[in-house]
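# Observations on the three-dimensional arrangement
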Amino acid sequence: MINLFRQIGWFVATGCAAALTHWLVAVLCVREFGLDPLLANLAGWLVAFCVSFLGHYNFTFRHQRGPWASAAWRFFVVSAVGFCVNELSYAYLLRATAVRYDLLLAMILIGLAMLTFILGRFWAFRHKAGRA
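Figured I'd write up the structure that's included with this text. (Residues numbered from 1 in each chain as written. Predicted model: local features only at pLDDT ≥ 70, side-chain atom pairs only at ≥ 80, totals over all residues. Heavy atoms only, no water.)

Aromatic ring pairs are defined here through the distance separating the ring centres and the angle between the ring planes. Counted by the stated rule, this structure contains 11 aromatic pairs. Ring centres of tryptophan 10 and phenylalanine 59 lie 4.6 Å apart, and the angle between their planes is 20 degrees; on these two criteria the pair is classed as stacked. Of the two residues, tryptophan 10 is situated in helix α1 (residues 2-33) and phenylalanine 59 in helix α2 (residues 37-60); the sequence distance between them amounts to 49 residues. The partly exposed category is assigned to tryptophan 10, whose relative accessible area is 32%. The partly exposed category is assigned to phenylalanine 59, whose relative accessible area is 37%. On the basis of an interplanar angle of 55 degrees and a centroid distance of 6.4 Å, the ring pair of tryptophan 45 and phenylalanine 49 is categorised as tilted. In this pair, tryptophan 45 and phenylalanine 49 both sit in helix α2, 4 residues apart, roughly one turn of the helix. With relative accessibility at 10%, the residue tryptophan 45 sits in the buried group. (Phe/Tyr/Trp six-rings, centres within 6.5 Å; stacked < 30°, edge-to-face > 60°. Helix = DSSP H or I, 4+ residues; strand = E, 2+ residues; numbered from the N terminus. Buried < 20%, exposed > 50% of the residue type's maximum accessible area, 1.4 Å probe, protein only.)

This part is about the packing of helix α3 (residues 68-96) against helix α5 (residues 113-124). The contact between α3 and α5 brings their axes to 10 Å, and the two run at 150 degrees. By the angle class used here, α3 and α5 are roughly antiparallel. When the axes of α3 and α5 are compared, the crossing they make is right-handed. Where α3 abuts α5, its residues Ala71, Arg74, Phe75, Val77 and Val78 lie against Thr116, Leu119, Trp123 and Ala124. Taken together, the residues of the contact of α3 with α5 break down into 7 nonpolar, 1 polar and 1 charged. (Axes fitted to C-alpha atoms, helices over the stretch in contact; angles between N-to-C directions. Parallel < 35°, antiparallel > 145°, perpendicular 65-115°, else oblique. Left-handed = near helix turned anticlockwise from the far one by under 90°. Contact = heavy atoms within 4.5 Å. Nonpolar A, V, L, I, M, F, W, Y, C, P; charged D, E, K, R; others polar.)

Look at α3: 41 Å from first C-alpha to last across 29 residues, which is about the 42 Å you get at 1.5 Å a residue. Residues of α3 that are buried sit in contact with α1, α2, α4 (101-111) and α5. (Expected span 1.5 Å × (residues − 1).)

Turning next to a nonpolar patch on the surface. Taken together, the side chains of Met1, Phe5, Ile8 and Val12 define a hydrophobic patch exposed on the protein surface, amounting to about 430 Å² of accessible area. Examined against the element boundaries, phenylalanine 5 turns out to sit in helix α1. Its relative accessible area of 56% is what places phenylalanine 5 among the exposed residues. (Patch = residues over 30% accessible without salt bridge, like charges linked within 9 Å, V, L, I, M, F, W, Y side chains within 5 Å. Areas by Shrake-Rupley, 256 points an atom, 1.4 Å probe, with all protein chains shown as cover. Salt bridge = Lys/Arg side-chain N within 4 Å of Asp/Glu carboxyl O.)

What follows is about the side chain of serine 52. Relative to the elements of secondary structure, serine 52 occurs in helix α2. We classify serine 52 as buried; its relative accessible area is 9%. Discounting chain neighbours no more than four positions away, the residues touching serine 52 are Thr14, Ala18 and Phe75.

What follows concerns the packing of α3 against α4. Between α3 and α4, the least distance of the axes is 10 Å, while the angle of their chain directions is 145 degrees. The crossing of α3 and α4 is right-handed. Only Tyr101, Leu104, Leu105, Ile108 and Leu109 of α4 make contact with α3, whose side of the interface consists of Asn86, Ser89, Tyr90, Leu93 and Leu94. Counted by class, the contact of α3 with α4 contains 8 nonpolar, 2 polar and no charged residues.

Tracing the sequence through the fold places tyrosine 92 in helix α3. Take tyrosine 92: its relative accessible area is 56%, and that puts it in the exposed class. For the pair formed by tyrosine 92 and phenylalanine 122, sequence separation is 30 residues and the distance between their alpha carbons is 30 Å.

Below, the structure written as structure tokens:
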């Protein structure tokens, strides 16, 4: 049980670092380069993916990690699915609400964190089939 709490702690720390990276890159791309928020969101995700994968591979799921290439591919799939949900939600909510783009993105990033943990723990970083 202590290992699970430690793992959740690393997940939260890595997730916060990745989400902050994602958010900062996206906001800077909008403010400094005039990118559309949806395109800036893509740039933020691409940079944050690197932070997230390295943190989760080396810390959160280090005790169960499989081969690097396999884990990278699986986590990319998890992250890409999460990004698709993120982008579709973001596109809809940008049009349907009056919430500022930066606050809206922050809410969406927080909302997808649990999905990432579950898929990372039980699939992306799992060493052998059948073991979690």
